[in-house]
Structures are given as C-alpha cells and as structure tokens.
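# Notes for the structure review
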Amino acid sequence: MFTGLITDVGEVIARSPGGFTLKTAYRLKPEETGLSICCDGVCLTATAIKPLADGAEFTVDVSNETLAKSTLDKWQPGRRVNLERSLRAGDELGGHIVSGHVDGIAKIIAITSDGESKRFLLEAPEHLSRYIAPKGSVALDGTSLTVNEVAEARFGVNLIPHSLTVTTWGAKTPGDLVNLEVDVFARYVARLMEFRP
C-alpha cells in the first residue's frame, strides 16, 4: 500500500528480459530483499539489492501482465522513475490510498501554465473514464493527484511547483504516456453497483 507521495526519483540503469535494475537514493540493505517499491505507480518487488555510497541499486522482475498494462514496456536505461516505499503502520496518509496496481495508460494531451503551477489535460482509456470524477483522486506515474475537471474520457490535474520539482512531472511533454491507477474506492463502488437488485 502506498500514498502517492513521491519520495525519490530513481533511474533505470539496466534492462533484462523480464526485469529492470534501478538506482535510488534510498539506503536499502540486502536483508530488505523482498520489499515493495512503487515505481512510476507500479508496485514491484525488489528481488536483489546492492548498497551504494549514495543509496542503492535494486532489481525487479516484471510480468507480461504488468508490461501490457503499464508504460514499463517502454523503459530503457537512463529513464527517470518516480519512487515511493510502501506505507508502514503509523505513517501519515498524506495523499490517498494507492495500491500500485496500474489500471491502464493515460496520455498527456496538453500542458498549460497556471501561475507558478501547471495544468495537465489527459485522456484516459474509455473503459476507465467512468471511475474518474471531479475532485476525486487518481495516481499518475505513482503521484497522488486531485482531478480538477472531467469531460468524457479527458480530465485535468494541477501540479504545484514543489511536485514538478521532486517528481518526473517537470520534464513531461504533450504526447507522453503515464501509468494510471483509478481511485480504489471508485472501482469497488462501481463493481458493487453491478449487483444491485
């Protein structure tokens, strides 16, 4: 379980058939192998950890299902990745409940300045758009964001300067694809409604 509050921007340093190795500022130890790290919104298990002077390298295995549902199939060495360690009991829940189970891929349609902030207009896959509501929550590349407005499959979010600086969002451009996780509560409410008498 995660909150959608990014705590590091890591880098993909190697790709293998079925996995990746990333570098992070997290001070990970080999005995922590098996921990969960949210990588651009995808919950992945660290299968190997190598401590470094300035952080660590960790390796993750990726299934075909994950590659099909997310942007990970496009990852190459040098890519910067939003990272978040899993939530611990007693931690502050400052974003919203994020599972790290990506539902699909959204596309950035436009980016406009709004004072010091930036507004992003995105398009979701049609089958996911019904779960996105104004003032509701979404996780985009692992970042917890509030939905400003919705028009059919398109929706808008706003990122403040801090978020643009401490995540990969400051470098995004129109046409970029991002991992989308809809609000878990919206998903369950919609499922329950299917069984109404």
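Please refer to the structure placed before this passage.
Here goes a summary of the coordinates provided.

## Description of the sheet that holds strand β1 (residues 8-16)
The antiparallel closed barrel is built from six strands, whose spatial order is β1-β2-β5-β4-β3-β6. Recorded for the sheet is a direction-independent mean angle of 45 degrees between the axes of neighbouring strands. The pairing of strand β2 (residues 19-24) with strand β5 (residues 55-61) spans six bridges and is antiparallel. Bridge pairing in β5 places Thr24 opposite Ala56.

## A short note on the packing of aromatic side chains
On inspection of all chains with the given rule, the structure shows two aromatic pairs. Note on Phe120 and Trp169: the rings are 5.0 Å apart at their centroids and 85 degrees apart in plane angle, and the pair reads as edge-to-face. Remark: Trp169 occurs in the loop between α2 (161-166) and β12 (177-182) and Phe120 occurs in strand β8 (residues 117-123); sequence separation between them is 49 residues. Looking at Phe120, the relative accessible area reads 2%, which means it is buried. You can call Trp169 buried: its relative accessible area is 1%. Here the basic side chain of Arg85 rests over the ring of Tyr26, its NZ or CZ set 6.0 Å away from the ring centre. Across from the ring centre of Trp169, 5.4 Å away, lies the NZ or CZ of Lys172, which sits over that ring.

## Remarks on the sheet that holds strand β11 (residues 154-159)
Strand pairing in a sheet relies on backbone hydrogen bonds. The paired strands run either parallel or antiparallel. In space, the six strands of this closed barrel follow the order β7-β8-β11-β10-β9-β12, with antiparallel pairing throughout. Neighbour-to-neighbour, the strand axes of this sheet turn through a mean angle of 45 degrees, independent of strand direction. Pairing of strand β10 (residues 143-151) with β11 involves four bridges; the strand directions are antiparallel. The residue of β11 that forms the bridge with Val147 is Val157.

## Here we look at the pattern of salt bridges
Side chains that carry opposite charge are capable of pairing whenever their charged atoms lie near each other. Considering all chains together, one arrives at eight salt bridges under this definition. When the shortest N-O distance is used, the salt bridge between Asp114 and Arg119 registers 2.8 Å.

## Details of the environment of Ala56
With respect to the secondary-structure elements, Ala56 resides in strand β5. In this structure, the C-alpha to C-alpha distance between Ala56 and Thr24, residues 32 residues apart in sequence, is 5.5 Å. If we ignore the near neighbours within four places in the chain, the residues touching Ala56 are Leu22, Lys23, Thr24, Tyr26, Leu28, Ile49, Lys50 and Pro51.

Analysis parameters
Residues numbered from 1 in each chain as written. Predicted model: local features only at pLDDT ≥ 70, side-chain atom pairs only at ≥ 80, totals over all residues. Heavy atoms only, no water. Pairing = 2+ DSSP bridges. Helix = DSSP H or I, 4+ residues; strand = E, 2+ residues; numbered from the N terminus. Axes fitted to C-alpha atoms, helices over the stretch in contact; angles between N-to-C directions. Phe/Tyr/Trp six-rings, centres within 6.5 Å; stacked < 30°, edge-to-face > 60°. Buried < 20%, exposed > 50% of the residue type's maximum accessible area, 1.4 Å probe, protein only. Lys NZ or Arg CZ within 6 Å of the ring centre and 35° of its normal. Salt bridge = Lys/Arg side-chain N within 4 Å of Asp/Glu carboxyl O. Contact = heavy atoms within 4.5 Å.

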